[in-house]
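Close look at the chain arrangement
Below are the chains, spelled out letter by letter.
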Amino acid sequence: MSWHPQYRSSKFRHVFGKPASKENCYDSVPITRSVHDNHFCAVNPHFIAVVTECAGGGAFLVIPLQQTGKLDPHFPKVCGHRGNVLDVKWNPFDDFQIASCSEDTTIKIWDIPKQLLSKNLTVFKKELVGHSRRVGLLEWHPTAANILFSSGYDYKVMIWNLDTKACVIMRPVRTIDCHQDVILSMSFNTNGSLLATTCKDRKIRILDPRVGTVLKEANYKGHRANKVLFLGNLKKLLSTGTSRWNNRQMALWDQDDLSVPLTEEDLDGSSGVLFPFYDVDTNMLYVVGKGDGNIRYYEVSSEKPHLNYLSEYRSYHPQKGIGVMPKRGLDVSSCEIFRFYKLITTKSLIEPVSMIVPRRSESYQEDIYPPTAGAQPSMTAQEWLSGMNRGPLLVSLRPGSELLTPRPQPPERPLSNSMAPASPRPPDLMGKLVPEGGRRLFSLLEEKVPRRTAEHELEEKKAWLTNGFDVFECPPPKTENELLQMFYRQQEEIRRLRELLTQREVQVKQLELEIKNLQTGSGRF
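Now for the overall build of the protein. A tally of helices and strands in the protein yields 5 helices and 35 strands. When the 525 residues of the protein are sorted by exposure, 47% land in the buried category. Look at the contacts in the protein between residues 6 or more apart in sequence, and 52% of them connect residues 24 or more apart. As displayed, the protein offers around 27200 Å² of accessible surface, 52% of which is attributable to carbon and sulfur atoms.

Pasting the structure below:
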């Protein structure tokens, strides 16, 4: 008889939630009072967008991420909808573009200026008109540029191609009308080739979004699904909803067989909607309840038991909505693997909560930060519409690193030719290093020098950014707390630059060794 240990080893077993201090929260934020079951918040490395109350229409706030503390009551809003705003989503490939949908049946695309807003923004970039009733959900395609999905109370999912010059788009490129009731959630798989939805009829459907056909449908009566989520490359779905006895429940499904769930887990008897969030890089699942103060987190595996409970972050302040920071905006120096932004309406507060892996070392932790999806699309809208599928382009979160997955582009650019030396004659220094007749050696070096120069310029630009924020655009501190924050931020920047300098010294030594080896090899011939 084999013995199984009671505890499974995991590097995320001791993950804990760390709420931000009072001065690092966003206070006096007029959060919406809408009862719609949505996040009401969207975050990227530059801004946090929050749906707010506005007389005579719908509006939302776009607050710079570094502008913490008490919000000015006259802070400019983004307003242009004639009805309440129900959902906002940042473009994953453009940190200064956001989409919003409203009860006025329209969807608007906004360009947010890089400088701070001085007055209300009312001029939108594009308007999408196609739904006959209010629009409740928005989702950007995870890998294709300028593809936006919307679902409304007319039971339709519409696919929009924003890669046009028209300011008002009247017709979507595809309309999916297989649902019989209001759509409650949408989720894409990793490459965006499949779309999972939940409907008010409590059924889970897996669709081919380009064709609009239903590939799989769950008719299981023991679980009434409310939200659904693809679990990365595990070929599994997770849904949250209620059981037959009205207990809040999670269910895990096989993507290829939706007849019976792989596992079900009852949580409690509360009535708030459960929002699931999945981290593809760490295989961690976070479950956030609307009206709760806690955040449960699990580790998902392909083997039984599929859901392994880790721990729970507890708080006395219930959240009405929640936002999530993309992985590229996290603080890797403090081993932060996830960050929530809780909307606390009882205190008009937005509270960041960081999920941290406790580590003693201050160096970059490669094992908890695998390559993650970057901010560049892997294909165009037309390529995806024509039937092409590509996974996301991966980047490393190590400071100063670059794109890991080669981007599919034409092999040569005119810029690269203009950067190459026009004369075949090498500089004086290269003339000393290259022996006579060693034209092959020089050609190799000639190919490397412009590329390294371009990379060096790009890395210099990246060195000006701290977690995606331009330090030169930071407003001067007005209070003592802001001054202390600026001081600590500069100390962190100095530490990071020292690490970058050490990396450059290693690269210089490697290049010197390469040149020496090339000289030795060419001398033999």
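With respect to the helices and strands, the residue S185 is situated in strand β17 (residues 183-188). With a relative accessible area of 6%, S185 lands in the buried category. Polar contacts involving the side chain of S185 include one to the side chain of T198, which spans 2.6 Å. Looking at S185, its side chain comes within polar contact range of the main-chain nitrogen of V228, at 3.1 Å. When neighbours within four sequence positions are excluded, S185 is seen to be in contact with L137, A196, T197, T198, N226, K227 and V228.

Moving on, we get to the sheet that holds strand β13 (residues 147-152). As summarised here, the arrangement of the 4 strands in space is β12-β13-β14-β16, forming an open sheet in which the pairing is antiparallel. Two strands lie at the open edges of the sheet, namely β12 (135-140) and β16 (174-176), each paired on one side alone. Between one strand axis and the next, the sheet turns through 20° on average, direction left out of account.

The next point concerns the sheet that holds strand β9 (residues 94-102). Strand order across the open sheet formed by 5 strands is β8-β9-β10-β11-β15, with mixed pairing between neighbours. Every interior strand has two partners, whereas the edge strands, β8 (85-91) and β15 (168-169), have only one. Relative to strand β10 (residues 106-111), β9 runs antiparallel, the two sharing 5 bridges. Bridge pairing in β10 places A99 opposite I109.

This paragraph deals with the packing of aromatic side chains. Using the criterion set out here, one finds 15 aromatic pairs in the structure. Ring geometry for F47 and W90: centres 5.7 Å apart, planes at 15°, overall stacked. You can see F47 sitting in strand β4 (residues 47-52) and its partner W90 sitting in strand β8, a full 43 residues away along the chain. One exposure class covers both F47 and W90, and it is buried. When the ring of W110 is compared with that of F124, the centres are 6.2 Å apart and the planes differ by 85°; the resulting orientation is edge-to-face. Of this pair, W110 sits in strand β10 while F124 sits in the loop between β10 and β11 (126-129); the two residues are 14 residues apart in sequence, bridging distant segments of the chain. Through a chain of ring-to-ring contacts, the aromatic side chains of F277, Y286, Y297, F338 and F340 assemble into a single cluster.

The peptide bond linking K304 to P305 adopts the cis configuration, its omega dihedral lying at -10°. With respect to the helices and strands, P305 occurs in the loop between β27 (295-300) and β28 (307-313).

Turning our attention to the pairing of strand β30 (residues 336-344). Burial of β30 is extensive: 9 of the 9 residues sit out of reach of the surface. Direction of pairing for strand β29 (residues 321-324) relative to β30: antiparallel, over a ladder of 4 bridges. Residue pairing for β30: G321 is matched across the bridge by L343. Note: β30 against strand β31 (residues 349-356), 8 bridges, orientation antiparallel. Within β31, the position partnered with Y341 by the bridge is P352. Adjacent in sequence and paired antiparallel, β30 and β31 are bridged by 4 residues, among which S348 carries a positive phi angle near 50°.

All chains considered together, the criterion is met by 24 salt bridges. Between R205 and D201 there is a salt bridge, and its shortest N-O distance comes to 2.8 Å. Note that R339 is salt-bridged to E336, the shortest N-O span being 2.7 Å. Residue R339 is classed as buried on the basis of its relative accessible area, which comes to 11%. Look at the salt bridges and you will find they share partners, linking D201, K203, R205 and E217 into a network.

A separate point is the nonpolar core. Residues I48, F60, I112 and Y341 are the most contacted members of the largest nonpolar core, which totals 34 residues. Where this core is concerned, the elements lending two or more residues are β3 (41-43), β4, β5 (58-64), β8, β9 and β30. Discounting chain neighbours no more than four positions away, the residues touching Y341 are Y26, C41, V43, I48, L65, G321, I322, G323, M325, I350, E351 and P352. One finds Y313, F338, Y369 and L397 within the second-largest nonpolar core, a separate group that totals 25 residues.

So, about the pairing of strand β22 (residues 236-243). Among the 8 residues that make up β22, 7 are buried, leaving the element largely enclosed by the rest of the structure. Judged from the 7 bridges that link them, strand β21 (residues 223-230) and β22 form a sheet pairing that is antiparallel. Directly across from L229, in β22, lies its bridge partner L238. In this antiparallel pair of consecutive strands, β21 and β22, the connection spans 5 residues, and G232 shows a positive phi of 55°. Here 7 bridges tie β22 to strand β23 (residues 248-254), and the two strands are oriented antiparallel to one another. Looking across to β23, one finds that T240 is bridged to M250. Between β22 and β23, which pair antiparallel one after the other, the connecting turn spans 4 residues, and N246 there sits at a positive phi close to 60°.

Rules used throughout
- Residues numbered from 1 in each chain as written.
- Predicted model: local features only at pLDDT ≥ 70, side-chain atom pairs only at ≥ 80, totals over all residues.
- Heavy atoms only, no water.
- Helix = DSSP H or I, 4+ residues; strand = E, 2+ residues; numbered from the N terminus.
- Buried < 20%, exposed > 50% of the residue type's maximum accessible area, 1.4 Å probe, protein only.
- Contact = heavy atoms within 4.5 Å.
- Areas by Shrake-Rupley, 256 points an atom, 1.4 Å probe, with all protein chains shown as cover.
- Polar contact = N/O pair within 3.5 Å; in protein donor to acceptor, adjacent residues only side chain to side chain.
- Pairing = 2+ DSSP bridges.
- Axes fitted to C-alpha atoms, helices over the stretch in contact; angles between N-to-C directions.
- Phe/Tyr/Trp six-rings, centres within 6.5 Å; stacked < 30°, edge-to-face > 60°.
- Salt bridge = Lys/Arg side-chain N within 4 Å of Asp/Glu carboxyl O.
- Core = buried A, V, L, I, M, F, W, Y, C linked by side-chain atoms within 4.5 Å.

So far we have only geometry, and geometry alone does not tell us how the molecule works.
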